[in-house]
Every structure is written in C-alpha cells, then in structure tokens.
Amino acid sequence: MDMQMLLIFVFTSLLSEAFTQTDLGGKVFVFPTESSSDHVKIISQQEKPLQNFTLCLRAYSDLSRAYSLFSYNVEGKDNELLIYKERTGDYSLHIGGRKVTFKVMETLLSPVHLCASWESSTGIVEFWINGKPLVKKGLRQGYTIEPRGSIVLGQEQDSFGGEFDKSQSFVGEIGDLDMWDSVLSPEEILFEYQGSTTNPTYPNILNWKALHYEVNGYVIIKPLVWN
Ligand SMILES: *[C@@H]1O[C@H](CO)[C@@H](O)[C@H](O)[C@H]1NC(C)=O
Ligand SMILES: [Ca+2]
C-alpha cells in the first residue's frame, strides 16, 4: 500500500467510525439528564437549498419549560430551521431567523407525534400534532433555506454546531425523525403518524431507518415503548 492509499484507508475508517449509518426503526434516542452538552449530531446529504420540506418526529418528555426539538443552523445564521416547544400546548417553527407559533390542546405528560411542513412559494407552514392539523400560518414567503446545515438533537444551537444553553436542552426521548424535500399530503402525514412501513414517500433528506448520526455525551439508544 502506498502512502496515499494508506491515508485514504485511515481517513475512511475514521469517518465510518465517527458517522455510523443505522436503522433506528423501533428505537429512540434517550436524553436522560439535563445538560448543556449532551446531543446528537445528524448528518444529512442535503446539498441543495430547500424551498419545501416536511419534517416529522416523535417525542416524549415531562419538561414543562421550553426546549428544542430540532435545531438546524448554517454558518453565520442562527435558527435557519428550528422546531421549538415554548411550553405545554405551544410550539414554534423558525425559518431564516423568524418564527410562527402554534397552539394545540395537550396534556403535559403525553407523547407526541409532530410533523411540520413549509412551502416557500406561499410561505404556508403546516403543523400536525398526533395526525391532526393545527391552524395554518405563514412565514418567510419566497425564502430559501441554506443547505449543509448543522443539525442537532438534544440542544439548541446559537452558532454553527455549538453555543448550547442548558435551559433550552431536551430531556426525554426522540424517535422516528424523517425529513423530505417536499410538502407531504395529509394521507402521507397519516401514514407517518401511524408508523406505517408502507409509506410510499421515501424520506429523502433524513431517514430514521438509515440515519447518519454522531452521539456526543450522555445519549442512549433504547427501544420505543410508548407508541
Ligand atoms: C416547491 O413546491 C412548489 C409548490 O408546491 C413547486 O412549484 C416547486 O417546484 C417546489 N420546489 C422544489 C425545489 O421542489
Ligand atoms: Ca438558536
């Protein structure tokens, strides 16, 4: 093996150790304690700017304070795409640093399945909680979300991949994170909510069943038992 081959070999084996791709079907990330450091970095192959998206996940937490559910920052821009729980019954979606809020009837201690979608041409944001649509809102019409963002679960970023705040951290369980570069139909959202394996629309940005991720700190993978 010549030097160049050796370097490539070492580099690729380091990469595959750092970024594992795994089928997490039926599993969750458990964030067992509050911290300003424990998080999961999600690696996306998304190379193109985003004009439409749908993002779904399940979460179970008994926090009553605010916390981040999905934090996507790009270089020099905070909250390029952020899904945030403000308090029980209050969610917000941030795009390009601006936000809209959504209200839903819910109890503190119930697991939630959430989908959020956005369409640049109209700016319309849809929020779905447990398969039910909330009142539509509008945000950042005509905007384009920058690609190659830093995606973090468990913490809220204020810089590219860092500046976490303990009081915005997530404590609990997160699973079934999928993301598409299109706005899903109500039928497709329902498929996703029901955890149907026959959902015909392949999540082409993030796929829970083939996830590239990197665990940092105290985050444990366990079976999903609350759904
Ligand atoms: C985004 O959605 C709009 C309307 O639904 C569509 O016209 C447009 O082609 C989509 N853009 C991309 C990049 O897929
Ligand atoms: Ca932030």
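Here, every reference points to the structure presented above.
Please read all numbers here as calculations on a predicted model, not as lab measurements. (Residues numbered from 1 in each chain as written. Chains lettered and ligands numbered in written order. Predicted model: local features only at pLDDT ≥ 70, side-chain atom pairs only at ≥ 80, totals over all residues. Heavy atoms only, no water.)

A. Molecular detail of unusual backbone geometry. Notably, N79 is not glycine yet its phi reads approximately 55°, a positive angle. Relative to the elements of secondary structure, N79 occurs in strand β6 (residues 77–87). Phi is positive for N130, close to 50°, though the residue is something other than glycine. Tracing the backbone shows N130 in the loop between β10 (124–129) and β11 (132–133). Overall, N130 belongs to the partly exposed group, its relative accessible area being 28%. (Helix = DSSP H or I, 4+ residues; strand = E, 2+ residues; numbered from the N terminus. Buried < 20%, exposed > 50% of the residue type's maximum accessible area, 1.4 Å probe, protein only.)

B. Spatial organisation of the nonpolar core. With 48 residues, the main nonpolar core has F29, I42, F53, L69, F70, L93 and F127 as its most contacted residues. Broken down by element, this core gets its largest block of residues, five residues, from strand β5 (residues 67–74). Not counting residues up to four positions away in its chain, the partners in contact with L69 are L57, A59, I83, Y84, K85, Y91, L114, L153, F170 and I174. (Core = buried A, V, L, I, M, F, W, Y, C linked by side-chain atoms within 4.5 Å. Contact = heavy atoms within 4.5 Å.)

C. Representation of empty space enclosed by the protein within the structure. The full count for this structure, using the stated rule, is one cavity of 30 Å³ or more. Taken as a whole, the largest cavity holds about 100 Å³ of empty space. Along the walls of the largest cavity sit 13 residues, with S61, Y67, K85, L108 and S110 positioned nearest its centre. Tallied by class, residues from the lining of the largest cavity come to seven nonpolar, four polar and two charged. (1 Å grid on protein atoms, 1.4 Å probe; cavity = no way out; pocket = protein on both sides within 12 Å on 5 of 7 lines; lining within 4 Å. Points joined across faces, edges and corners; volume = space filled by probe spheres on them. Nonpolar A, V, L, I, M, F, W, Y, C, P; charged D, E, K, R; others polar.)

D. Main features of the coordination of the calcium ion (ligand 2). The protein atoms that coordinate the calcium ion (ligand 2) are D78 (OD), D78 (OD), N79 (OD1), E156 (OE), E156 (OE), Q157 (O) and D158 (OD), at distances of 2.3 to 2.9 Å. By relative accessible area, D158 is classed as partly exposed at 36%. (Donors = N, O, S within 2.8 Å, 3.2 Å for Na, K, Ca; no water.)

E. Expanded view of the pairing of strand β13 (residues 150–153). Burial along β13 is two-sided: the face carrying S150 and V152 and the face carrying I151 and L153 are both buried. Both strand β3 (residues 39–43) and β13 contribute to a ladder of three bridges, which runs antiparallel. Each bridged residue has a counterpart across the sheet, and for K41 the counterpart in β13 is V152. Looking at chain direction, β5 and β13 are connected through three bridges and run antiparallel. From the neighbouring strand, S71 faces β13, where its bridge partner is V152. (Pairing = 2+ DSSP bridges.)

F. Spatial organisation of helix α2 (residues 186–193). Buried residues of α2: E188, I189 and E192, and no others. Angular distribution of buried residues about the axis of α2 spans 105°; they occupy a single face of the element. Here the buried face of α2 lies against β4 (52–60), β9 (112–119), β10 and β14 (172–180). Following α2 by one or two positions, G195 adopts a phi angle in the positive range, close to 70°. (Arc of directions from axis to C-beta.)

G. Representation of the packing of aromatic side chains. With the rule as written, the count across this model stands at eight aromatic pairs. Over the aromatic face of F102 sits the side chain of K137, whose NZ or CZ is 5.1 Å from the ring centroid. The residue whose ring lies beneath R140 is Y143, and the NZ or CZ to ring-centre distance is 4.3 Å. (Phe/Tyr/Trp six-rings, centres within 6.5 Å; stacked < 30°, edge-to-face > 60°. Lys NZ or Arg CZ within 6 Å of the ring centre and 35° of its normal.)

H. Quick look at the state of the cysteines. Counting across every chain of the model gives one disulfide. A sulfur-sulfur distance of 2.1 Å marks the disulfide that ties C56 to C115. Its torsion about the S-S bond being 110°, the disulfide of C56 and C115 is classed as right-handed. Of the two residues, C56 sits in strand β4 while C115 sits in strand β9, which places them 59 residues apart along the sequence. Both residues of the pair, C56 and C115, count as buried. (Disulfide = S-S within 2.5 Å.)

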